[in-house]
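Coordinates in review
Spelled out from the first residue to the last, the chains are:
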Amino acid sequence: MKNNIKYSSTRGKSVELLFKDVIFEGLAPDGGLYVPETWPKLEKKTLSRFSGMSYQQIAFEVISPYIDSSLSDDDLKNIIDKAYSSFDHPEITPLNKINDNKYLLELFHGPTYAFKDVAMQFISQLMGFYLKQEDRSLNILGATSGDTGAAAIESFKNIKSVKIFILHPYNKISEVQRKFMTTIKSDNVFNIAVKGSFDDCQNIIKQIFSDQSYKKNNNLTAINSINWARIMCQIVYYFYTISRLKTTGKRVLFSVPTGNFGDILAGYIALKMGLDIDMLNIATNENDILTRTLTSGEHELRKVKETTSPSIDIQISSNFERLLFDISKDTEYVNKLMSELKKTGTYTLSNDIIDQIKNHFCSYSVSEDEVNRTISEIYENHNIILDPHTAVGFASAGKCPENYDLSITLSTAHPAKFKDTVEKLISNDSFVTEKVKKLMQSDEQMIILENNATVVQDFISNNM
Ligand SMILES: *Cc1c(COP(=O)(O)O)cnc(C)c1O
C-alpha cells in the first residue's frame, strides 16, 4: 500500500493536496507553488541497481514515491512506456562524451527537439488517464519561451478531452521553435502570439489564473514549469546520468542552462533524494538575474534582453521560489520576498540563505560572444554541434574556478531548432534534419493578440 504523499504551497495559505489534484491545479490559490511534504530518499542499494536498468525502469523507481494510490504501479509503468515511445533514441536521454571529464546529457531526442518533451509526453499520458477515468474534459493554458508550447501541443494534439491554448512572445522565438507549434493542425490547439516578452505572457497566465471562479468554472489548468509533474519527470535523468558513469569518489558538477529554474531544481531534488551531486551550476545568458542573486544577494528584475538562446531570456524565474522555501522552510519569509518582488521588483536574501544556496549551487553568466565562440570551438575540436542553450551551459561550466572530476552539461535542445544561429557559426548544415526541413515548408496557424490579459482571456473564453 502506498502512503499518500501530500503537497502544500510554498506560501502556506492553501490546503494540502494529493498528487492527482496537484497536477491539475498548477499554481496554488495563494500564488505559491506546490511542494511535496518530504523528499523521498532512495537507498544506496536501490541506486546501485540503476546501472542495469533502462531509462523507463529508472523513471518508475524515481517517480513512484511521488504518486499515490490513485495510480497503480502497472498504470504508471504503462504511462512511462507510452510517453517515451515517441523518442528517437533507445537510451531516451543518451550521454555524449566530449572528453574524460566532460559530458553532454542529450535531452533533445523527443518529438519537438527540446528537453520539455521529457516531461510533457509523460504529463499528457497521465492527464489523459485521469480524465478518462472521470469522464471529464479540460482547458490547458500555458506560456512558452519557445519550447514548452511545442512540447505541450505535440503531446496533447490527439487527446480530445483537452483544449490547449499556448501563448508565445510574438517574433521573439526562433522560426523553427514557432513552426513546431504552429504547423500542428488540430481542432483542440490554439496558438496565441502576444505582442510582448515571455515574462508578459507568463504574467497574463498568472492574472487569468488568479480569478479562482473563472478557473474552476472553465476547468482550467496550467502546464508551465510550475506544474509539479514537470519537475518530477526531470529528476529522472539526473539519476540516469549517474547510473551510466563511474562516479564513485569523484566530484560531480551538473551545468544547466537556466530560465525558469525548473530543470536545475530537479537536479537539486535528485540530490535531496540521495544522489551524489557536488555542485549545480546555474548557467545564464546575458539575462543574469540568478547569477547576480548568488553574487550579491540582491534579486533585482531588469529588462529582458533578447539573445540567441531565447528559451532562457527570462527575468522572472518562477521555480526559484521552491528553492527559497526548501532552504528556509518558512512560508512567511517566502511571502515577504514575493510581495516585495511584486511591489518593488527586488528582494534581498539574507546572508544565511545565500550561504545555504551556495552549498549546492554556483552560477556564471555567458555573453553572446562566448556562446558563438563555444559553438565554433566545440565543432572544430570535437565535431559536436551545440545549440545556443547548450553552449551557454557548457561555457558557463568552464568559468567555474573549482575543479570537478566530472562536468555534465545538460544539452537542452537540438541545434536544428536554432539553425539560423548555428548555421552562421559552422560551415555546414548537416545537422538540419529532414523533420525540420519538412517543417519549414508547412503552413502555419496562429492568432496575434495585444499584450493585455483581458484581450487574451476573451479570446480563450470564445474558443473553449
Ligand atoms: C526551457 C528551456 C531551458 C530552461 O529551463 P528552465 O527549466 O526554464 O530553467 C533551457 N534550454 C532550453 C532549450 C529550454 O527549452
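Shown above is the structure to which this text applies.
Read on for an overview of the structure. (Residues numbered from 1 in each chain as written. Predicted model: local features only at pLDDT ≥ 70, side-chain atom pairs only at ≥ 80, totals over all residues. Heavy atoms only, no water.)

A few points about the packing of aromatic side chains
Scanning the entire structure with this criterion turns up 18 aromatic pairs. An angle of 40° between the planes, with centres 5.7 Å apart, marks the rings of phenylalanine 261 and phenylalanine 361 as tilted. Here phenylalanine 261, found in the loop between strand E10 (252-257) and helix H11 (262-272), pairs with phenylalanine 361, found in strand E14 (residues 361-365); they are 100 residues apart in sequence, far enough to count as distant. There is no split in this pair, since phenylalanine 261 and phenylalanine 361 are both buried. Looking at lysine 77, its charged tip hangs above the ring of phenylalanine 60, at a distance of 4.8 Å from the centre. Sitting above the plane of the phenylalanine 24 ring, arginine 136 keeps its charged end 4.8 Å from the centroid. (Phe/Tyr/Trp six-rings, centres within 6.5 Å; stacked < 30°, edge-to-face > 60°. Helix = DSSP H or I, 4+ residues; strand = E, 2+ residues; numbered from the N terminus. Buried < 20%, exposed > 50% of the residue type's maximum accessible area, 1.4 Å probe, protein only. Lys NZ or Arg CZ within 6 Å of the ring centre and 35° of its normal.)

Quick notes on the pairing of strand E15 (residues 406-411)
The buried fraction of E15 is high, at six of six residues. Judged by which residues are buried, E15 turns out to be covered on both faces: Leu406, Ile408 and Leu410 on one side and Ser407, Thr409 and Ser411 on the other are all buried. Pairing between strand E5 (residues 102-106) and E15: five bridges, direction parallel. Paired with lysine 102 across the strands is serine 407, a residue of E15. (Pairing = 2+ DSSP bridges.)

Quick notes on the site of the ligand
Close to the ligand lie 15 residues, the nearest being Lys116, Asp147, Gly259, Asn260 and Thr412. Between aspartate 263 and the ligand, the recorded distance is 2.9 Å, taken from a backbone N or O atom to an oxygen atom. With respect to the ligand, the side chain of threonine 412 contributes an N or O atom lying 2.8 Å from a nitrogen atom. Here the ligand, which alone exposes 380 Å², has 98% of that area covered by the protein. Among the residues making up the shell around the ligand, the classes are represented as five nonpolar, seven polar and three charged. (Near = heavy atom within 4 Å. Polar contact = N/O pair within 3.5 Å; in protein donor to acceptor, adjacent residues only side chain to side chain. Areas by Shrake-Rupley, 256 points an atom, 1.4 Å probe, with all protein chains shown as cover. Nonpolar A, V, L, I, M, F, W, Y, C, P; charged D, E, K, R; others polar.)

Describing the packing of helix H8 (residues 198-210) against helix H20 (residues 453-463)
Two quantities define a packed helix pair, namely the angle between the helix axes and the distance between the axes. Direction vectors running N to C along H8 and H20 enclose 65°, while the axes themselves pass 10 Å from each other. Taken as axis vectors, H8 and H20 run roughly perpendicular relative to one another. The handedness of the crossing between H8 and H20 is right-handed. Facing H8, whose interface residues are Ile204, Gln207 and Ile208, H20 presents Ala453, Val456, Gln457 and Ile460. (Axes fitted to C-alpha atoms, helices over the stretch in contact; angles between N-to-C directions. Parallel < 35°, antiparallel > 145°, perpendicular 65-115°, else oblique. Left-handed = near helix turned anticlockwise from the far one by under 90°. Contact = heavy atoms within 4.5 Å.)

Thoughts on the pattern of salt bridges
All told, the structure shown has 21 salt bridges when counted by the stated rule. Taking the shortest distance from any N to any O, the salt bridge between arginine 11 and glutamate 321 comes out at 2.8 Å. Highlighted residues: arginine 11 in the loop between strand E1 (6-9) and strand E2 (17-18) and glutamate 321 in helix H13 (residues 320-328), separated in sequence by 310 residues. One network of salt bridges, with partners in common, ties together Asp288, Arg292, Glu300 and Arg302. (Salt bridge = Lys/Arg side-chain N within 4 Å of Asp/Glu carboxyl O.)

Some thoughts on the nonpolar core
With 138 residues, the main nonpolar core has Phe122, Tyr238 and Phe239 as its most contacted residues. With twelve residues, the single largest contributor to this core is helix H10 (residues 228-244). Leaving out residues up to four positions away in the same chain, tyrosine 238 has contacts with Phe254, Val256, Asp263, Ile264, Ala266, Gly267, Ala270, Leu275, Ile277, Leu280 and Leu410. Judged by nonpolar contacts, the second largest core, of 22 residues, contains Leu141, Ala143, Phe198 and Val456. (Core = buried A, V, L, I, M, F, W, Y, C linked by side-chain atoms within 4.5 Å.)

A closer look at helix H14 (residues 331-344)
The periodicity of an α-helix, 3.6 residues per turn, causes residues three or four positions apart to be oriented the same way. Spanning 14 residues, H14 covers 20 Å between terminal C-alpha atoms, matching the ideal 20 Å at 1.5 Å per step. Restricting attention to buried positions, one finds in H14 the residues Tyr333, Val334, Asn335, Leu337, Met338 and Leu341. For H14, the secondary structure elements touched by its buried residues are strand E12 (298-300), H13, strand E13 (346-348) and helix H15 (351-358). Structurally, the start of H14 carries an N-cap: the backbone nitrogen of glutamate 332 is 3.0 Å from a side-chain oxygen of aspartate 330. Phi turns positive, to about 80°, at glycine 345, one or two residues after H14. (Expected span 1.5 Å × (residues − 1).)

Considerations on the pairing of strand E7 (residues 162-169)
Buried residues dominate E7, accounting for seven of its eight residues. Relative to E7, strand E6 (residues 138-143) runs parallel, the two being bridged by six bridges. For leucine 141, the partnering residue across the bridge sits in E7 and is phenylalanine 165. After leaving E6, the chain enters helix H6 (residues 147-156) and then returns to the sheet as E7, a path that is right-handed. Direction of pairing for E7 relative to strand E8 (residues 189-194): parallel, over a ladder of six bridges. (Right-handed = clockwise from strand over helix to strand, strands pointing away.)

Digging into the sheet that holds E7
If you trace the five strands from one edge of the open sheet to the other, you get E9-E6-E7-E8-E16, paired in parallel fashion. The sheet terminates laterally at strand E9 (220-222) and strand E16 (447-449), the two strands that pair on one side only. If you compare each strand with its neighbour and ignore which way they point, the axes differ by 25° on average. Direction of pairing for E6 relative to E9: parallel, over a ladder of three bridges. Its bridge partner being in E9, asparagine 139 is matched across the sheet by leucine 220. Sitting on the sheet, H8 is in contact with E6, E7, E8 and E9, with an inclination near 145° to E6.

Some words on the packing of helix H16 (residues 368-382) against helix H17 (residues 388-398)
Between H16 and H17, the least distance of the axes is 9 Å, while the angle of their chain directions is 95°. Taken together, the axis directions place H16 and H17 in an arrangement best described as roughly perpendicular. Contact with H16, carried on its side by Val371, Thr374, Ile375 and Ile378, involves Pro388, Ala391, Val392, Phe394 and Ala395 of H17 and no other residues of that element. Classifying every residue of the contact of H16 with H17 gives eight nonpolar, one polar and no charged.

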